[in-house]
Each structure stands twice: as structure tokens, then as C-alpha cells.
Amino acid sequence: MTRPRSGKSDPAISRLATVNDMTEEILRLESVSKHFPIRSFRRFGEVVHAMDDVSFILGKGEVLALVGESGSGKTTTASVIAQLYPITSGVIRLADPRSPNGFQSVSRKLSGKELLSYRKRVQMIFQDPFGSLNPTHTIEHILSRPYLIHDKVVRENEGEKRKAALKRQLQQLLRSVGLEPPQQFLDKFPHELSGGQRQRVNIARTFSIEPEIVLADEPTSMLDVSIRISIMNMMLAFQEERQMSFLYITHDLAGARYMAQRIVVMYAGMIMEIGTSDEVVQRSAHPYTKLLRSAAPAPEEGLMRKRLITQGDIPSLIHPPSGCRFHPRCPYVMAQCSKTIPPLKEVESGHSIRCFL
Amino acid sequence: MKETLPESILECQDLVAGYELKAGFVRAVDGVSFALKRGEFLGIAGESGCGKTTLAYAVMRLFRDNAKIKSGKILFGGKDITHAPEEEIKKLRWEHISMVFQSAMNALNPVLQIGEQLTDGWLAHKRGEVREAKARALEVLKLVDIPEDRYNAYPHQLSGGMKQRVMIAMALMLQPEVIILDEPTTALDVVVQRTIIEKIQELRKTFRFSVIFITHDLSLLVEISDLLAIMYAGKIVEYGPASEVFYNPVHPYTRGLMASFPTLSGPIVRMGGIEGKPPDLIDPPSGCRFYPRCPDRHDGCDRDTPPLRQVRPGHFAACDGE
Amino acid sequence: MFKDIGKLFLGNKKALFGLLLLLFFALVGLLAPVIAPYDPKSNRVETITVLSEERDRSRTISREDLDPSTEKKVYSQSVTTTYERITKKLPLKGKPSSAHLLGTTHSGQDIFSQLIWGTRVSLTVGLVTGLFTTVLSLCLALIAGYFGGLVDDVISLFTNVFLVIPSLPLMIVIAAYVTVRGVIPIILILGLTSWPWPTRVLRSQVVSLKNRDFVRVSKSLGEKPSYVVFREILPNMISLVMASFFSSTMAAIIGEATLEFIGLGNVSVVSWGTMLYWAQANGALLAGFWWWFLPPGICIALIGTSFALMNFAIDEISNPKLRKR
Amino acid sequence: MKYFFRKIGLLLFALFVAMTLNFFIPRMMPGDPARELIDRMQGIPPEAMESIRIAFGLDTKDTLIVQYGKYLLNVLKGELGISLSRFPTPVRDVLKIAIPWTLGLMGFATILSFFIGTILGIGAAWSRNKRWATLTVGTFIFIRSFPYFWLGLLFIYFFGFRLQVFPIGNAYSFYVQKGGWDYFLSVLYHGFLPALTITVSSLGGWILTMRNNMINVLAEDYITVALAKGLPLRRIKNLYAAKNAMLPSITSFAMSLGFVVGGGLLTEMVFAYPGVGLMLWQAVQAKDYAMMQAIFLFISVAVLIANFLADLAILLLDPRVRDSGR
């Protein structure tokens, strides 16, 4: 196991080489929508349009970043893929070699065995390192659960007891996320760890199942800037080593570029732009991406840059703007923008935007 | 920077402040000195728990409960206010130094209208009548691009970005010489964050007040500050003109911070960040406090506390390494 | 976690004092037969004295008396004893004296003994009712909070409604209809009228815990609902469950005293409530017999205070803002 | 507005539940106490028997549902049956005499203790490291643990019996003419001890609630902002801290009202104060079931309405509720 700091190959750079030779797809969303009904008598029948017509493909071994501000629907996207809620319409296809047509289609809420085997393949990392560990359990207990639920305790030899085998695996796991010496961490409670350490435990728990797809929902946004990069490196190292597919959700365009081969930009529940990281960041085509790009701090580009100016806030998702959802804030707004929703069109090969421009 | 410059409006000299706990005194701010000139923009960066918020509260003398200033001096306009009586401080606050707090969500009283919260400070400082107060409030709301009709709104009727702009308007009410901004944009989205920062810059240029901007996100500060101070474990470890600190960082901690945020342009470079966690401030390590995490440490780092030394004109760093 | 709570609890002066107070009363209740000098229900004291004893009138050794294990010979002595049995009636409405620390009742029972025995009944009723109420409301809260939806709506609606229907008059009406008088009906009545408040408090915590990330994580890891409820959610509610157990118990002790004072309990049971009932019924107050009605009230208040202090401590432990700084 | 309608809905539903309970409790009990009562009343004149039957809805051939419907209708019309202990006076007429006393005594005492408790709670939180604050809170926690009726007994003993400065029963002196200044003074004089009992017993609860809310609010950022603005401390205490701390306190005022009213009933019993509480006690002693149930219904209605008013007060005080209808 390579630790992030000592890494022989540099995952961030090596992934640049693999940008376009995406071989197999593992997950595909086909115009998936998620509407949350409002539980209120007066507003009966109204819904929150958290996700509308979202389609994208995740390749095997690929890191795909989902970028957007709060309320853009990025967390909802991860949650529906993780089967935390059923989707409203559309279909989620997960590659499945055992199935006759090569994939498993999910359009309703799974349950029982089906759900368990789905979850074995798709796992989520949550944003809040403080909230995602149960304060009443020890790290040992927390980390041993995935092994017990998914029956992953492996005995080295006949003589080894199950308990000892589990302990050995846990120690190995902690070492792999850089929490050393492991014995010291096993008996601790979450509140005795720092934010960064907790997030490492979280990530370790997710990886222990060895899922094929990891949905990471802003895993570093609540951490100090100085710790973020090492967590990002660690996830990359894992991903690289096990060839997992990664959906990396963030609001930070620079972080997305660092992690991912391709970027999906979402706004108010819809995909605005999708393309390779460099295309999206360096040659942003959608006005919203341009706005994000110009708002992000980038000291390396010189001090006091000229910015794109917009006004207004993120729109209500109960009554989303007609036509393009970005039109009320768009500096290049045209007449047709408020009437019809622009389709996702390709500007270059593999680079599409939802804009009339 | 020990010598007092005549035009410096706010100055801290060897300030020690923190919290009295059962386990001992937490030296959250430990020997901090800086001088802020009129109209200057000082950025203070450091990870959470480095004492930057305590520093802001100490300067405002806003300590409650077990927090206190242990030693050192705070000078405002050349006058020592470290132990000035509460009545005097009360007059100083808001009139001369105001502050924008971290969480705009909780910084506004939910049951009072925006207008009332804007005017009550003004009235408390006896600047005039209610009618004039309202006129002034509408004026500052306009400065931060908030429509007049929001004067009678309650905080929950505003979005996060608007609340933060109201807080800035509130800080501007009495035209103070210094405004302290404590992580004013942390909870906000990138686009809103940018709007707020641009607004602050614009207002500063118009009204020539000084700003102390505190954040953990160094990448923000570099673009907007004149002066940059990097804080670690209660101490300022590097201090100097922003571009100087950014292009020629000296302290290993500063360099670590610089290597902590990926860039938007240029080749994707593998970065290291900073491993480990900050020390316990009740019982800090001897010598340089960054020593346990420092990649360039050498013998002696754990013995002597390196003083701030000038590496280039106006650029100081507390490290004796190369 | 349990250890931590325990440590914090014992480290808190208020909690410790409350706990000691409760333990004191529990001990009194447990040792009532030893401590109480008289039978609390009887106004007679029987003393048996030996008038004369004649020893060695006969001496027998029989086969049956041989101890089989040791095979030693056991001798039995025959003693003829002459007793005198004196049945003394206790004074009626006696003032406190060295023989009767708190005097006697109108029919001559020892009040101090009643107080000791009353501790047993009052404390038991309180604790059992507290437990019953807490378990009932915890179940409702977990069901409503965890499953949500219609179940939650229905349970919440009824909780809110019963919360505002005054419970004491309801208790009185129910108790008046119950033809069986005794401790168990009282426990049931108290339990069935006091569930809404703890249910509401516990439910809102279940809901907030359910939306915490660690619960979502454990669901997405594939944990079963029973594990999520009992191992993820429940352990985080210990302090609140404890708090509602303490308040329910405290309310039950006062409630029991109240019902009995009105005469809706079994007045022949000796408890603090019935003591007050008899004191009131016999005009102890207007005769100035403070020793009859003051002590039961003070005991109730002391137990109440002990629970209040423990609750206060739990508040401080779970909400650091309330701690003294 | 949504909030308002929701509260109205809750009020009506709660009333319905109270009436339903009232109907079903006697019918669900083992041993059928109502029937037992009829048996017990064998000696009375047949017309009286008849009216009891009618009052209870017993002895009719109607199904339970029809009986229930008739009962609801009767209650809505204000027909509460006939009092057994004061036969043949209708329960309604007996209640009419008692209600003003209870409303007066309890309304006054509750509002008084809520205000004093809230003010003390604000003070106790504001200067919580001071000795007097700790002492006040501690004292009232102890007092709160006494049953209301016992505290009443204590007051009677000391002020009525020992010191003989206050009367120990009734709501006014029989020697004064009704109406007029003397009568008013006499009412105040007689009401003092019961009111004191209710106030003192319930004070602890309000102090504690308000103190805890206030301490939570004092830790909020907007308090720090207010301090930073250099506002006068009085303004911070009242408009920034107390006003916010009041909101949950009013909600719990509504919740605890039922409890206080219960305590108030007991206080009336102890002081032989001619209100609803004493009447309830007499009804219990006399097994006057119609009376008991009518009193339960009346108290429920009163508490529900008070609750509703508290909810409206929140509507006035909290702009967030006004807007979102939470």
C-alpha cells in the first residue's frame, strides 16, 4: 500500500494521460429526476425540483467531478445513486456482468438482498466528518461493521480466530489511511480525533467494503484548507490502486480539476456543462461555469483579476425559472432563454453545454 | 515593526490572550504584534484553532466569561486601550472599530427588523435622532446593494449573502476607522463570496477605512490584502506585504499552506499539504511550535523559539532555517 | 460512552447530591422492617415477657436427634417457659416523644413508622410508573420518529392533543371510575396520563438523530433497521431518556400523593399520600399537629429535589452552555 | 395564516378528543360504575331515577354510536346532565357559580407567576454567576418539588392557624354585603393565600425554563454583535436576549398550563375555595359522576383556549412564525 506522501507514481498527473481512453462504463444516469414532495397541506402537490433530467456516464476507474453551488442538486444526485431515496423518473444503470443485458437497471427503490448487493458495489462518503461517526461507538466498532454486514472477515489460516482476523484487518485498514499506530486509534471515540482523522476513518469505512463506485460528497469542505489536500491525495491513491470509479462532489472548481478527469457542472438541479477537466476549467463554455471560474480564488493568475459580475441568488427549486434555470442571473441572457430549456449540445467532442450560445 | 509609526491606527504589542480553563491557561494568542495603518488591508490566515478569532475578540475587547488578555498592549490611534474602562471601550467599539462576524445566519437578532438593528447602534452612540438614523441606515444599505424596502424586513427573509451584506452595512453605520472581518464568507458559496469581497474592496477604496480580514483560506487573502500575516498556534509566523509573502514564502508553514490549494490553471501539480495537527495550546511544545510538523526541521528547533526576523524589507518570518 | 456519562454524572456536585438523596430514601424503603419501630397499620403493640423458666425438668435423647452427618449425639433440653403477653394500645393523637418520634395518629398508629413504610410504597410507585411511562413514550417516539410518514403524523397529533388536555382532572375522573382501589390502578392511571410530554421530547430527538449523517451512513452501509434504531440512535438518547425517566418518576410520586390525598387510592395502604389523607381527614392541621402532615410533604419534596438535581446535572452535561463557568 | 388555521384545527380536534374521552371513560371501565350507581340509587323517587338514566344515556336501547352522537349534541348545547349531589339542580347551574371564582383565582395567580418567574429567570441567567441567582434558582427548585396541596396546607397552618392573619376557607366573608368595596377587599383577603400557593409553587418552573432558554440565547452570536455595537446593557438584555428567550418559554407556558391548573384545583380543595376545584373534590366524594365529567370538560376547554391564546401570542412575537407558518 502506498501512502499518499511517499507515492511513487503521481496519481494526479498520471490520470491526465488516461483522460480520453475511457474504456468501459460502470454507471449511467439516463435523464434522472428527483422531486421531493412538500409535506404541507396548503402547498399540496407542489414539489422541490432537486434534480431534473440529469444524464451522465461514469467510466470504470474514472474520477468524475460534480461541481455546483449549494442547492444545485449535486448532493441529491449522489444520494439517489446511493439509494438513499428512490428517483422520481428516469433510470440508473449499473454495469452488471451477471445480468443478461450487461447492466442492472434501477428505477425504483431497491430492498432486501438486492439493496444489500447494490450497496456492496456503490458506497458514499459524507461531507461532515463530525456528524458521520456515531459518538457512542469506538472506532473499532465503527470500522468492524462493514466487515460483519458484508461478511468480509477473512481468516489467514485455519487456526486464526474470527475475532483476531477482524482485528488484523482493521489494523491494516487504519494503516492504509495513515492512522498509525492503529492500535492507538481502535479504542478511541470519534470525539477524541481531529476533523482530518475522523474523515480518514470515514473514508476507511467506505473503502473497507471495496465498492466499485464511491460517491464522495464534499469530503473535504468542512476541513481546514491545510488538511484538505492530504485527504484528497489519499482518496486518489486508493482509487488508483483499486481502480475504483469515483464521483467526486465539490463546489471547488480547482479541487475538481485536481481530482477528476471529467467535470459535470450543475446548477439548480440541472446539468449545465460536462467535459474533460481542462476543457471545463480552461475553456469554460457555459456562462455559469465562467461565473464559477471567475469567482474562484486563483492567486497564481495574478492579483486583482477582472471578474464576471452577476446579481441575484440561487433560484427557488419549488418554482424554478422557466426556460434556462440560469437565465435570471446570466449576463448574456437572450429572449429565448426564459422560454425554452436549452438542450445539452456538444461543443467539442466530449464537451457539452446546456446553452443557446 | 516594533517602532510605532505615527500613522498606524491600530497596533498590538506582544499581546497574550486566551481562556482560563481548569486544566490551565490556553494561550490562544501568544505574543502577537502588528501595526495597521490607515486604509490598509491586513489579511490574517491560519487553520482553525490558531487563535485568529481570539485575536479579533481581544482587539475589540469583546471577552466574556473565562476569556482574558493576559499581557501585552493594544493601541488605538496611539492610545493604550488594553485596560481602558468598559465605558470607554463601549464608545470606541463600532464608532471606531467595528466587526463583521463569522456566521451571518446567527449574527442578526431574529426578532428585530433589519432597520432597527442598523439604527440602534447609531442611536446608542448618540449620533442623532431616529429620523437621521434611518436616513443613514438606508444610505449604508444602498452601499451594499440592498434595496430600501428591506429596511423593514426580518433577518429570516434574507438570503445568506444578503445577511452578510447587512452585517457589513451595520459595520459601516458609524464610519469606523477599522473594520475586522472574521471569516465573513466561510459559509457562503463561491459566487456570493466573490461578490462580498469585491464589495468590501470597493467600499474600502471609497471610505478609506482599514480592514483586518481573518480566514483559513489563504488563497482568498493573497489577491485582496496589502499585508499578510500567517498565524500558527497563537503566534504570527510570517508577516509582510501580500505579494512578497506569496511569491517568496519563508516559513515552512506558509509554504505548506501555499501548497494546500490546487490551482485553476497551469499543469496539475502534486501537492503535499501539511501533515499532522496543531499543538495543544495549554501546554505548547518548547521551541518552534511548528517543529513537530515541519518538513525542514533541524537540531535546535525544539529548543529555541525563533523570533520574527526581517528577511527582506518589511517581510518578517519566525524561522531561522533556510 | 456510558462510562463517560457516569464519570461526568458523579463529577457533578448536583448530580451526586441528588443521587445520594435518592439512595438514602431507597435504603430507608428497603430496610423499613428494620428501621420502623412499630407496625404502621396497627395501634397495638404486643410485648411478650418471660415470667419464669424452668430448665432441666426432663432430658431426652432420641434416635431421631442424632445428626446423620456428624453422628454426634445431640441432646435436647426441655424447657418450660411461662409467658406473659401484654397488648398495649398506643396513645391516640400522641405528641412527638421519645417513644413516638413523630407522635401517633387519631387511631393510634405510630407516624414515624408510617413514614418509613410509606417511603417504600411511594418510591416503588414512583419508580415503576416512571419506568412504565418512559418505556411507553420511548416506544412511541422511536416508532413515530423512525418510520415517519402517516404513523408519525398520527402519533404526533395525539401527543399534541393529550399534551394540552390537563392531566390531573383526567386522572381524577379516571380514578373515580375505577372500582378497584390499589397501587396497580394508580400506576396505570399515572402512566396513561403522563406519556405525552416525554413522547414529544424523545420523538423530536429521534427525528433529529435520524437525519444525522452517521445514521445515513449506516443505512447506506447496509445495516438493518433494528440495528439502526437500537445501536445507532438509541445510545445517543441515553441522557434524554434518563432525564425523562427522572421527571416522570418525580411527577408520579407527586401524582400518587395527590390521588391518595383526594381519597382516590386505597386508603388502607400506608404511603405518604394516604398519610396526608388521614391527616387532613382528621383535621390534623387545625389541631396544630404539624408532625402529622409536615413530614410526608417534606419527604416528597426531598425526593422531588433529588430527581430535579439529577435532571439539572443531565442538562448541564448535555448542554455545555448551561455549565457554570 | 397557515399557522393560525393549524392551531384552530388542533384546538377543535383536542376539544373533540376531550369530549370523546369523557363519553368513553365511564363506559370502558371494568365493573360498569354507572350501572352500579343506578343500583346504589334505588331508594330515590322514580322521576329522579328517570332523569339520571337520561343524563347518563343509560338504559336506552340505542347503540353505542347513537348514544355517542346524542351525547356530543347535548354537550354542544350545554346540556351537561343533572348533579346527583345537588339533585335536581342541573350541573350547568352549579358550575356557573363556581367558574368565576376559579377563573379569577387561577388566571390571576398563573399570569402573575409567569411574569414574576420570567423576570426572575431573565435576571438569574443574566447574572448567573452571582450568589443571589444561584440561591433563587435553588430555592425554587426545592419548592417546586412540593405538591401544591401540601404547600397550601403549610400556608394554612402558619398564616391561618398559627398567626391567624389570613382566613382559611371560602372566597369572601359571609358578614359583608355582596358588591361594594368591603366585599372586594374581603375577596382579596380570602384569595390571597390560595393565590400565593399557586404562584409560589409554579414559580420554579417558569424561572427554570426562562433561565435555561436565556442562557442558550446569551451564547448566540447576535448577543456578541450587540455588545460589539456598544448598545446599552438594558437593551441587550431585554430586546436581544429576553425577547428571543421568551418564545420557547411561551410555548412551554402553554404546555405547563394544564399542570398548573391541576395544582390550582388542589389548592382550591385545600382552601375550601368555592371554585371548580372544590366542586370536583365534592363530586368525587359524593360519586357525582355527571358533575365530575362536566368539570373535566370545562377545565379542558379553559386550558385549550388558554393554549390557543399563547399560540397567538407567539404569532405576534415571532416574525418567523408569522411568515413561514411553522
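The shown structure was predicted, so the numbers you read here are calculated from the model rather than taken from an experiment.

Peer 1: What is the right way to look at the nonpolar core in this model?
Peer 2: Burial of nonpolar side chains together is a common tendency in soluble globular proteins. Formed by 283 residues in total, the largest nonpolar core has its most connected members in Leu10(B) and Ile180(B). The greatest single-element share of this core, amounting to 17 residues, is contributed by helix α10 (residues 233-271) of chain D. Setting aside residues up to four positions removed in sequence, Ile180(B) forms contacts with Ala56(B), Val59(B), Met60(B), Ile97(B), Ser98(B), Met99(B), Val100(B), Ile212(B) and Ile214(B). If you look at the next biggest cluster of nonpolar residues, it comprises 67 residues, including Val153(A), Ala165(A), Met234(A) and Tyr248(A).

Peer 1: I keep staring at the pattern of salt bridges and nothing clicks. Help me out?
Peer 2: When the charged atoms of two side chains lie near each other, side chains of opposite charge can form a pair. All names here are of chain A. Within the structure shown, the criterion is met by 43 salt bridges over all chains. We note a salt bridge from Glu25 to Arg28, for which the minimum N-O separation is 2.8 Å. Residue classification places Glu25 among the partly exposed positions, given a relative accessible area of 32%. On the accessibility criterion, Arg28 (28% relative accessible area) is partly exposed. One salt bridge in this structure joins Glu348 and Arg283, with 3.9 Å as the shortest N-O distance.

Peer 1: When you look at the pairing of strand β9 (residues 227-232) of chain B in this model, what are you seeing that I'm missing?
Peer 2: Within a regular strand, side chains alternate between the sheet's two faces. Residues and elements named next belong to chain B. Of all the six residues making up β9, six are buried; the element is thus mostly covered by neighbouring parts of the structure. Burial along β9 is two-sided: the residues Leu227, Ala229 and Met231 and Leu228, Ile230 and Tyr232 are all buried. Bridge count between strand β3 (residues 41-45) and β9: four bridges; the pairing is parallel. Bridging from a neighbouring strand, Leu42 pairs with Leu227 of β9. Pairing of β9 with strand β10 (residues 235-241) involves six bridges; the strand directions are antiparallel.

Peer 1: How should I be thinking about the interface of chain C and chain D in this particular structure?
Peer 2: By convention, interface size is frequently given as the accessible area that disappears when the constituent parts associate. Counting from both sides, the interface comprises 54 residues of chain C and, opposite them, 59 residues of chain D. Between chain C and chain D lies a buried interface of about 5100 Å² when both sides are counted; carbon and sulfur atoms form 77% of it. On the chain C side of the contact with chain D, Val164(C), Tyr177(C) and Phe312(C) bury the most area, a combined 14% of that side's loss. Here chain C and chain D share zero salt bridges between them. Where chain C meets chain D, there are four residue pairs in polar contact (both at pLDDT 80 or more). Taken together, the elements giving at least two residues each to the side of chain C that touches chain D come down to α5 (149-164), α6 (167-177), α8 (196-210), α11 (238-262), α12 (272-281) and α13 (290-318) of chain C. Top contributing element to the side of chain C that touches chain D by residue count: α13(C), with 13 residues. Looking at side-chain class alone, the side of chain C that touches chain D contains 38 nonpolar, nine polar and seven charged residues.

Rules used throughout
- Residues numbered from 1 in each chain as written.
- Chains lettered and ligands numbered in written order.
- Predicted model: local features only at pLDDT ≥ 70, side-chain atom pairs only at ≥ 80, totals over all residues.
- Heavy atoms only, no water.
- Core = buried A, V, L, I, M, F, W, Y, C linked by side-chain atoms within 4.5 Å.
- Buried < 20%, exposed > 50% of the residue type's maximum accessible area, 1.4 Å probe, protein only.
- Helix = DSSP H or I, 4+ residues; strand = E, 2+ residues; numbered from the N terminus.
- Contact = heavy atoms within 4.5 Å.
- Salt bridge = Lys/Arg side-chain N within 4 Å of Asp/Glu carboxyl O.
- Pairing = 2+ DSSP bridges.
- Buried area = accessible area lost by both parts, 1.4 Å probe.
- Polar contact = N/O pair within 3.5 Å; in protein donor to acceptor, adjacent residues only side chain to side chain.
- Nonpolar A, V, L, I, M, F, W, Y, C, P; charged D, E, K, R; others polar.

From the geometry alone we can't say anything about function, so treat these as descriptive.
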